[in-house]
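Below are the chains, spelled out letter by letter.
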Amino acid sequence: MASSEEKKLDLVIVQGRSEDAERATIPFSLAGASATKHGKSVQVVLMFDGANLAIPETSEKIVAGKPFDGNLLERIQNVIKAGVKVAVCKPCLMKRGLLDKKLIDGIEIISGLSLLQYTYATEKVLSFT
């Protein structure tokens with residue numbers, strides 16, 4: 001159990017599709033707000049079709065529009081700079097033929113076991129499909 005002085009971990013799982021800009025953007029908005037405004041330690045995991053979002057060329061094309069500023073690539077880069085850890089599922093990359101593609105700087109490739117370990121350490125899990 002975390003002490004009251006430790007940051008609590010929030011886990012955000014993104015399974016969304018790149019063709020739905022709103023569903024791809026909102027998890028990163030919430031992760032950024034949780035980290036910057038509430039002092040939470042936040043881990044975002046990209047799974048299933050959400051693995052596509054780890055590719056800069058894909059994320060750069062995703063623009064949700066108002067009330068969200070910029071494209072998804074900028075949003076992901078900003079949450080990483082704010083201390084949010086972003087990871088992508090290795091088997092999900094493999095399934096989509098993306099394992100050899102360049103990822104957005106700061107995104108870590110993880111296994112299913114790592115995801116389970118995150119769930120054990122988390123206070124809250126939000127999952128976006």
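What comes next is a walk through the structure.

1. Points about the packing of helix H1 (residues 21-38) against helix H3 (residues 72-81)
Between H1 and H3, the shortest axis-to-axis distance is 10 Å and the interhelical angle comes to 25°. One finds that H1 runs roughly parallel with respect to H3. For the pair H1 and H3, the sense of crossing is left-handed. Side by side, H1 and H3 meet where Ala24, Thr25, Phe28, Ser29 and Gly32 of the first sit next to Leu72, Arg75, Ile76 and Val79 of the second. Each residue belonging to the contact of H1 with H3 can be placed in one class, and the counts come to 5 nonpolar, 3 polar and 1 charged.

2. Concerning a nonpolar patch on the surface
On the surface, a cluster of nonpolar side chains totalling about 360 Å² of accessible area is made up of Leu113, Leu116 and Tyr120. Along the chain, leucine 116 turns up in helix H5 (residues 112-121).

The rules we used
Residues numbered from 1 in each chain as written. Predicted model: local features only at pLDDT ≥ 70, side-chain atom pairs only at ≥ 80, totals over all residues. Heavy atoms only, no water. Axes fitted to C-alpha atoms, helices over the stretch in contact; angles between N-to-C directions. Helix = DSSP H or I, 4+ residues; strand = E, 2+ residues; numbered from the N terminus. Parallel < 35°, antiparallel > 145°, perpendicular 65-115°, else oblique. Left-handed = near helix turned anticlockwise from the far one by under 90°. Contact = heavy atoms within 4.5 Å. Nonpolar A, V, L, I, M, F, W, Y, C, P; charged D, E, K, R; others polar. Patch = residues over 30% accessible without salt bridge, like charges linked within 9 Å, V, L, I, M, F, W, Y side chains within 5 Å. Areas by Shrake-Rupley, 256 points an atom, 1.4 Å probe, with all protein chains shown as cover. Salt bridge = Lys/Arg side-chain N within 4 Å of Asp/Glu carboxyl O.

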